[in-house]
Amino acid sequence: MCIRDRDLRRQEKVAQVVKALDAWSQWSRVLGLKENCAKTKVVCRRADQKKQLEKEPRTANSLCSTARVLGVDFCHTLSSRVGDTADQRTEEALKKAKKLAVAGVPKACRRRLWRSRVIAQASWGYLFKAPTQKVCKKFWAIQKRAFGLPCTGSAKLQQVLEGHFADIGFAAADQAVTQLYRAADVLLESPGRVAHGTWGGHARKILKEAGWVEFTPFAWAWHHPAFGAMDWSQQRTKEGLQLVRHQLREAWREKLHREFKTSGRRDANDLAGWVYSSDVFKKAREIYAKGDGHLRAVMTGGGLSTAYYEKRQRGTANPNCKHCGAATEAGWDHLMWFCPAFSGRPCAAPADEAQRRLGWPAQGQTEAEATVVAQWMAEVRAAVWQPWGEA
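This section reports on the structure supplied with the text. (Residues numbered from 1 in each chain as written. Predicted model: local features only at pLDDT ≥ 70, side-chain atom pairs only at ≥ 80, totals over all residues. Heavy atoms only, no water.)

### So, the packing of helix 3 (residues 84-101) against helix 5 (residues 133-147)
The interhelical angle for the contact between helix 3 and helix 5, taken along N-to-C directions, is 15°, at an axis separation of 9 Å. As judged from the angle between their axes, helix 3 and helix 5 are roughly parallel. Both helix 3 and helix 5 take part in a crossing whose hand is left-handed. Contact with helix 3, carried on its side by Thr-90, Ala-93, Leu-94, Ala-97, Lys-98 and Ala-101, involves Val-135, Lys-138, Phe-139, Ile-142, Arg-145 and Ala-146 of helix 5 and no other residues of that element. Along the lines of polarity and charge, the residues of the contact of helix 3 with helix 5 split into eight nonpolar, one polar and three charged. (Axes fitted to C-alpha atoms, helices over the stretch in contact; angles between N-to-C directions. Helix = DSSP H or I, 4+ residues; strand = E, 2+ residues; numbered from the N terminus. Parallel < 35°, antiparallel > 145°, perpendicular 65-115°, else oblique. Left-handed = near helix turned anticlockwise from the far one by under 90°. Contact = heavy atoms within 4.5 Å. Nonpolar A, V, L, I, M, F, W, Y, C, P; charged D, E, K, R; others polar.)

### Some remarks on the environment of Gly-291
By the element assignment, Gly-291 lies in the loop between helix 12 (278-290) and helix 13 (293-299). Its relative accessible area of 17% is what places Gly-291 among the buried residues. (Buried < 20%, exposed > 50% of the residue type's maximum accessible area, 1.4 Å probe, protein only.)

### Digging into the packing of aromatic side chains
This structure, assessed with the given rule, holds 14 aromatic pairs. With centroids separated by 5.4 Å and ring planes inclined at 90°, the aromatic side chains of Tyr-181 and Trp-232 adopt a geometry described as edge-to-face. Within this pair, whereas Tyr-181 is found in helix 7 (residues 168-181), its partner Trp-232 is found in the loop between strand 7 (228-231) and helix 10 (238-261), the two being separated by 51 residues in sequence. Residue Tyr-181 shares its accessibility class with Trp-232, and that shared class is buried. Aromatic pair Trp-220 and Trp-222: ring centres 5.9 Å apart, planes at 65°, arrangement edge-to-face. (Phe/Tyr/Trp six-rings, centres within 6.5 Å; stacked < 30°, edge-to-face > 60°.)

### Regarding the packing of helix 5 against helix 6 (residues 155-162)
Across the interface, helix 5 lies against helix 6 with an axial gap of 12 Å and an inter-helix angle of 70°. By the angle between their axes, helix 5 is roughly perpendicular relative to helix 6. Residue-level inspection shows Trp-140, Gln-143, Lys-144 and Phe-147 of helix 5 in contact with helix 6, the latter providing Ala-155, Gln-158, Gln-159 and Glu-162. Of the residues that constitute the contact of helix 5 with helix 6, the class distribution is three nonpolar, three polar and two charged.

Structure representation (structure tokens):
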């Protein structure tokens, strides 16, 4: 029999640490086991604790700066890096990601493997700090290549529509917050344990950056202007955890939507009045997941007009539409909704600006109705793209 990975935490006094270790040794003898003292690790956060434990025969040879528990490095200082274990895990996940990007499998399979094999591994263990921007950008660059996402599309919209668990930043934040939710008694009993660099401090930062405001500092009762209250001081249930995770996802999507509108892109400037809607975003994700590359390009702002290609190739666009001869540039809006060269439009130019420009569902529209419009726009995009042979 082997009993391993015992974790003793929240021990403030040296006497408590020694007493706990002695208790484990006694129970080992009762069970007929031999305690492996060579594998004992004691991590001190304060210099005075370390000095006292250095004098104790039971712990003198067990002091260390880092201890790994379930793949997470617990360090002796709050300012320490994420840890060597997390760095190694990230590098392994990056290698998997690069192999997946060139694997001879359908893109639908790549997307499933990306979430289950790459991001699941890469996001584990970020309980005290978020993945760095450098790490996130590495994964995003490989993800775009693996899924064939057009470089002309908006990264914010692409991230929203590819899904929350395809994003290392969100996946890591989700774990940090939801796993802590299960052990929130520790936070409520000791409000001071939420300093920068602690698990509680990191979770608090995640919620604040997502738009939540505390009712009372360190009481773990929050309010979001769009998604309501989140109160950890109440009885925590399975349903409560599901609600927390749902609120985190919605806040993440809303934040990316906001960042898209302020990105300075031409389509973002045209959609400055676009209001976030959970229902619309849910339908958009469903349509995107079922669509081909052209539909996904349209929905992320990667739909390019004939005028765009003309300007890029010749420096200026033809003043007359190449397809119908009308006295107007062959711009995106003209091609989609007015050019007679493209027949079979499912509707007139939509009043909803996001649908007119990006093919997203309009408020109150069914998914089936919105899909017809998005597919039409994808067909026009494919026809315009074909002569130029570029995505």
